[in-house]
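Coordinate analysis (summary)
Residue strings, one per chain:
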Amino acid sequence: MDPLEGEASSASVEYEPVSVKDVLVEMKDTAELLIDLSYSAVLHRNADLAHEVLRLEERMNVLELRARMSLMMAVRKPADAEELAPVLGIVAATDSISDAAGDIAKIVLEEMGLPDAMRAALPEAAETLVRGVVDPNSAYAGRTLADIDLESETGVRVIALRRGDEWLLNPGPETTIEGDDVALLRGPDPAIGEVCTELTGETFEPPTIDDPGIPDLERAVDTIVHMKNLSELAVDLAYSSVLFDSAELAEEVRNLEVEVDAMQSRFEAWTLRAAADADNPVVLRGLIRLGTSTEVISDAAVDISEGVLRDIDVHPVVQQAVQESDEIITRVEVKPESELDGTAVVAGVPDVESTMSVIAIRRPGDGWLLVADSDAELRGGDVLISKGTRTAADAFDALSTV
């Protein structure tokens, strides 16, 4: 049986009154999960995760149609068209991300081939994303996430649940895990196996893959993993630039896209060189597809922020989403001799009186540094991308100036 059979649906989608804001928020959440799942499916050779990507991609197609219908119904005069054009661009770009994620998942399902170095390139401390079907007899079935308290006890998080055709994205403390739910878990390798076994009633067996030891291939794989991380950051910043009407964040999306383009060129060169030393160069086909799809995702991020870059007023539906957001992403440039100059950052947390978390640093001459899983020291001239509350953001900005 074809592994893709039954994944796509051609069921009709009829117009129904829905909030454009709600659809956009769901599209954003779905796009971010799609990126996460698709790369995890490839890195861990997990066909089950790849099938979930295609199910989510079909869900995204439905969301896109509903968003387009609602936007067309909202146009009453030329001024409406001008304000809604960037929102339509966000819808189209988000769908492009979905398509790219689907192409990445098909690398696994179509057995295009990937070098074993893909798994070997994962950092030892990297978290693993797994899929499991909840056993009705599991100790977790019928209980809320708050009651189970998985994250505090094990470090493992339930990032999404699928109940039949219904998706529960970003499940909260009061979300109940039910028998036969499809659960997506993320957490550290040592703990996630035990949680998955308890959840599903089946023994968890992590993949074991050897490192082939081809230098050019190792460089290519390291590069694609970094491209993936930068593209994810670009998508996050792109949505934030729209939500908060921030030209500075939109400009950083452009900077990230330029970096990803440059990395793709190096990646392609290393992949072609590696083909000469590989026992079976055909296994590099999937790696090339992965590079192309990753670049598509970073391009889509620029498309999402295009309205901000062109200084088009933010539509009210987007402003509503901003008003409901407790957390924001900011861009801060560290001035030499400011309080942030020379400050240590450990796992994204700067050593200052602030609750802002540093996501990434753009350092002139050195490019981008993602700091969530590494330590760094801030320098004058660094551009910081940080996440936190509005109040904390104002205080953090004050620390960056002299």
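This is a predicted model, so every value here is computed, not measured. (Residues numbered from 1 in each chain as written. Predicted model: local features only at pLDDT ≥ 70, side-chain atom pairs only at ≥ 80, totals over all residues. Heavy atoms only, no water.)

Regarding helix 3 (residues 78–109)
Within an α-helix, residues lying three or four positions from one another point in the same direction, as the helix has 3.6 residues per turn. Rules: Numbered from the N terminus, helices here are DSSP runs of H or I no shorter than four residues, and strands are runs of E no shorter than two. An expected span of 1.5 Å times one less than the residue number is assigned to each helix. Bend, in this description, refers to the angle at a residue between axes fitted to the seven residues ending there and the seven starting there.
With 32 residues, helix 3 ought to run about 46 Å at 1.5 Å a step, and its terminal C-alpha atoms sit 46 Å apart, in line with that. The sharpest bend along helix 3 reaches about 35° and sits at Leu84, with the proline Pro86 one to four residues further on. Glu111 lies just past helix 3 and shows a positive phi near 50°.

Considerations on the confidence of the model for the protein chain
Selection rule: Values of pLDDT, which run from 0 to 100, indicate the predictor's confidence residue by residue. Any pair of residues with heavy atoms lying within 4.5 Å of one another is described as a contacting pair.
The predicted model of the protein chain averages 82 in pLDDT, with 84% of residues at 70 or higher. Within the protein chain, helix 4 (residues 117–120) has the poorest average pLDDT of any element, 55, and strand 5 (residues 176–177) the best, 94. Between residues 1–8, whose pLDDT stays under 50, and residues either more than four places distant or in other chains, the model counts eleven contacts.

Some points on the pattern of salt bridges
Rule in force here: Between Lys or Arg on one side and Asp or Glu on the other, a salt bridge is scored when a side-chain nitrogen of the former is within 4 Å of a carboxyl oxygen of the latter. Working definition: with a 1.4 Å probe on protein chains only, accessible area under 20% of the residue-type maximum means buried, over 50% means exposed, and in between means partly exposed.
Applying the stated rule across the entire model yields 19 salt bridges. For Glu52, the salt bridge is made with Arg162, and the minimal N-O distance between the two is 2.8 Å. Taken together, the residues span a long stretch of sequence, with Glu52 in helix 2 (residues 47–74) and Arg162 in strand 3 (residues 157–163) at a distance of 110 residues. Take Glu52 and Arg162: they sit in the same class, and that class is buried.

Regarding the sheet that holds strand 8 (residues 344–346)
Strand pairing within a sheet occurs via backbone hydrogen bonds; the two strands may be parallel or antiparallel. This is how it is decided: Two strands pair if DSSP finds at least two bridges between them.
Read from one edge to the other, the open sheet built from three strands follows the order 9-8-12, with strand pairing classed as antiparallel. Unpaired on one side and paired on the other, strand 9 (349–350) and strand 12 (375–377) mark the two borders of the sheet. Pairing analysis gives three bridges linking strand 8 to strand 12, with the strands arranged antiparallel. Note on strand 12: the bridge partner recorded for Val346 is Asp375.

Quick word on the environment of Met356
Along the chain, Met356 turns up in the loop between strand 9 and strand 10 (357–363). For the pair formed by Met356 and Phe396, sequence separation is 40 residues and the distance between their alpha carbons is 7.0 Å. Setting aside anything within four residues of it in sequence, one finds Met356 in contact with Thr330, Gly348, Pro350, Ser386, Lys387, Gly388, Thr389, Ala392, Ala393 and Phe396.

What about the sheet that holds strand 10?
Just so we agree on the cut-off: Axis lines are fitted to C-alpha atoms, over the contacting stretch for helices. Their N-to-C directions set the angle, which ranges from 0 to 180 degrees.
Strand order in the open sheet formed by four strands is 7-13-10-11, with antiparallel pairing between adjacent strands. Each having just a single partner strand, strand 7 (327–333) and strand 11 (367–370) make up the two edges of the open sheet. Shown here is a sheet whose adjacent strand axes are inclined to one another by a mean of 20°, direction ignored. For strand 10 and strand 11, the ladder comprises four bridges, and the chain directions are antiparallel. In the strand pairing of strand 11, Arg363 is matched with Gly367. Strands in contact with helix 9 (residues 247–277) are strand 7, strand 10, strand 11 and strand 13 (383–389); relative to strand 7, the strand with the most contacts, it is inclined by about 75°. Running over the sheet, helix 13 (residues 390–399) touches strand 7, strand 10 and strand 13 and is turned about 145° from strand 13.

Re the packing of helix 1 (residues 20–43) against helix 2
Let me state the cut-off plainly: Angular relationships are summarised with four words: roughly parallel below 35 degrees, roughly antiparallel beyond 145, roughly perpendicular across 65 to 115, and oblique for the angles in between. For any helix crossing, the convention is left-handed if the near helix is rotated counterclockwise from the far helix by under a right angle, and right-handed if that rotation is clockwise. Nonpolar residues are Ala, Val, Leu, Ile, Met, Phe, Trp, Tyr, Cys and Pro. Charged residues are Asp, Glu, Lys and Arg, and all others, Gly as well, are polar.
Where helix 1 contacts helix 2, the two axes come as close as 9 Å, and the packing angle between them is 160°. Classed by the angle they form, the pair helix 1 and helix 2 counts as roughly antiparallel. For the pair helix 1 and helix 2, the crossing hand works out as left-handed. Considering only residue class, the contact of helix 1 with helix 2 consists of 16 nonpolar, four polar and five charged.

Remarks on the nonpolar core
Our working rule: Residues belong to a common nonpolar core when they are buried Ala, Val, Leu, Ile, Met, Phe, Trp, Tyr or Cys residues joined through side-chain atoms within 4.5 Å.
One finds Leu33, Leu37, Leu184, Leu237, Leu287, Leu290 and Ile304 to be the most contacted residues of the largest nonpolar core, which totals 73 residues. Elements with a contribution of two residues or more to this core: helix 1, helix 2, helix 3, strand 3, helix 8 (215–243), helix 9 and helix 10 (285–304). In contact with Leu37, other than residues within four places in its own chain, are Leu49, Glu52, Val53, Leu56, Leu129 and Leu184. One finds Val134, Tyr140, Ile192 and Leu199 within the second-largest nonpolar core, a separate group that totals 18 residues.

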